[in-house]
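# Overview (structure and organization)
Here is what each chain is made of, one letter per residue.
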Amino acid sequence: MKSGSLGAGIIILLMAVLLTPVVYADTNDTLEVAFKLRSADPAESSKLLGTLNRDSLTNAQRDKYDFLQAYSKYINNDFEGAVAALEQLAVNASSMDMTMTAKSFLLALSGGVQQWERAFDLIEEILPNIDKLESIDAQESVHIGIINFYLQADEHEMNAQYIKPLLNKPYGLRFKCNAYLQYFGSLLESVPLTITEQMFKEGIAECTDLEEPVIKLALQGMLARFYFYSKDYDKAIAVIDRYLPASENLVYKAVVHEFYELKSRLSVVDGDTKTAQFYALKIIKDSPPDAISISIIEAHKVLYEVAQQESRYKDALFHFKNYFQAKSRNMNSENAKMLAIQKAKQELNDKSLQISLLDKENSLLKTQALLAEQSANNRTLVIFLMLLVLCFMGAWLYTRRVNYRVLQKMARTDGLTGIADRRYFTSAANQIIERAKLENKVVGFIMFDLDDFKSINDQYGHAAGDKALTLCVEAVKKVLRENDLFGRLGGEEFGILLLSCDTSLAFILAEECRQKIVVLCEQENIEYPLSASFGISCSDKCGLSFNSLFECADKALYQAKHSGKNKVKAHH
């Protein structure tokens, strides 16, 4: 379950405002005013800093001055400059509090720019030192950095576990309300069944006196989303209608879009297609062309659903393409992030293992030096210790080799096209169909093969045939949805299993695949004509089993082949 931008985007948006360095009693007035204006009026804050002579400040004031300089670089999108300034401050700070504050800001920046190896190194440095911090402000800043890191790394369950005990500590209202916001968001992302309406009410009540509308409205938006996921639509509508006008006065577009998204989705549930379309379009028109967020993805989905309900099938196809493209971009970004995180974790584990091996080797050398001074009878112990290290290293190398073979065994793709081979496709299809039975969902199946493929092989050679197959797969991939299963069934024959897809939508997708194959081959300037014939079946007509879907689609494909080829036929 995704909690949307209030669970992640809003918290990252507020990160800079909430990362607060230590406030010292002897800070001069100008420095104090510059610090207070750092987020509300960054230009004025920088102007005030320009009036100060760093050399005349005390060590504590220099720390704050250097922190504000780094913060100014961050606000002005000079991330490299901000990182360099914070790294220097972490080394030269006059107190442990400021050192950890600078590192917590570095931690947040490292996660934000996908430098996960640095982030994992920083988290290992910060966590053991939290209890050593003296000031409440420093503790709050470090906690915010850690919480934000868990959020960026999608460690939502761990984040909720980390935040829960902090809610009972004597921290400031500003910190506590932001902690509630992140706590609720992480629970909705990871273990939604553990969160209750009463928990929301208690958190919101505790933040009544907070004078920061963005956090208070974000909490209300999170409550509305909780109601929406719980299918308590009347309460969700009541919250949205009450607080949506106030949200439109905020400069934080992510909060506004959160309310617009829920309003449009609730309007779809309520059958009010005009209102749903109105707020979905507001999100898209209010966002930069290349922007991507959960709210934007859901807005495209609402427009698709509205057009489909109103039988505007051409518009439905247009909005479905936009929805699919936005969701694919977001999924690609998330996959790239997860791969980067896994790589950083593996490198950290390898580094720890290397250190462990070096420690063992060092220990062995010391033991050998001691044994050298002893009698010859103890040489057996030296040999034993050396064999022990060799066995340890051998076991480690063997484990890595076994893991590598396991990964190799997991490869179940067709060697030429890179998609699922028949064996894996059949197994995965049966699993999807079993899940569809439990969830009472319809399943569509598309079978297609290349027209006159044998003549391509005979006339132009097998290399040309291989190219035709790969071009065909490349064209079809551009059309398929995120969860569609695509596989090569044998030779020039392919299959696509479509969860939650009826005959009409399967026909639209198959027709677009057919057109994409023709267009792509024209763009590639290949010397032979290339097209494909498609057969469609659906579980509502053929039964919910792979064999029945396969048989019906095969019959439809036969009709497509014998009615002129390069056609799409559905089984009725």
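Here, the structure is the one placed above.
Residues numbered from 1 in each chain as written. Predicted model: local features only at pLDDT ≥ 70, side-chain atom pairs only at ≥ 80, totals over all residues. Heavy atoms only, no water.

### Considering the overall build of the protein chain
Across its full length, the protein chain holds 24 helices and five strands. Per-residue burial over the protein chain gives 47% buried out of 572 residues. Of the roughly 28900 Å² of accessible surface on the protein chain, a fraction of 52% belongs to carbon and sulfur atoms. (Helix = DSSP H or I, 4+ residues; strand = E, 2+ residues; numbered from the N terminus. Buried < 20%, exposed > 50% of the residue type's maximum accessible area, 1.4 Å probe, protein only. Areas by Shrake-Rupley, 256 points an atom, 1.4 Å probe, with all protein chains shown as cover.)

### Quick look at the state of the cysteines
Per the counting criterion, the structure on display carries one disulfide. Disulfide partner of C177: C207, at an S-S distance of 2.1 Å. The chirality of the disulfide connecting C177 with C207 is left-handed, given an S-S dihedral of about -120°. Here C177, found in helix α10 (residues 173–190), pairs with C207, found in the loop between α11 (197–206) and α12 (213–229); they are 30 residues apart in sequence, far enough to count as distant. Here C177 and C207 have matching classes, each one buried. Cysteine C513 is unpaired, with the sulfur of C472 as its nearest cysteine sulfur at 8.5 Å. The buried category is assigned to C513, whose relative accessible area is 0%. (Disulfide = S-S within 2.5 Å.)

### Examining the packing of aromatic side chains
The description of an aromatic ring pair uses the distance of the two centres, along with the angle that the planes make with each other. If you walk through the whole model with that rule in mind, you get 31 aromatic pairs. The interplanar angle of 90° and the centroid separation of 5.6 Å between the aromatic rings of F120 and F149 together place this pair among those described as edge-to-face. Taken as a pair, F120 in helix α7 (residues 116–126) and F149 in helix α8 (residues 136–152) lie far apart in primary sequence, 29 residues in all. Among the residues examined, F120 registers a relative accessible area of 11% and is labelled buried. F149 sits in the buried class, given a relative accessible area of 3%. Considering the side-chain rings of Y183 and F184, the 6.0 Å spacing of their centres and the 45° angle between planes classify their relative orientation as tilted. Exposure class is identical for Y183 and F184. Each is buried. (Phe/Tyr/Trp six-rings, centres within 6.5 Å; stacked < 30°, edge-to-face > 60°.)

### Overview of the pairing of strand β1 (residues 443–450)
Counting buried positions along β1 gives eight out of eight residues, so the element sits mostly inside the fold. The side-chain alternation of β1 yields two buried faces, one formed by V443, F445, M447 and D449 and the other by G444, I446, F448 and L450. Relative to strand β4 (residues 532–538), β1 runs antiparallel, the two being bridged by seven bridges. In the sheet register, L450 faces β4, and the bridge partner there is A532. (Pairing = 2+ DSSP bridges.)

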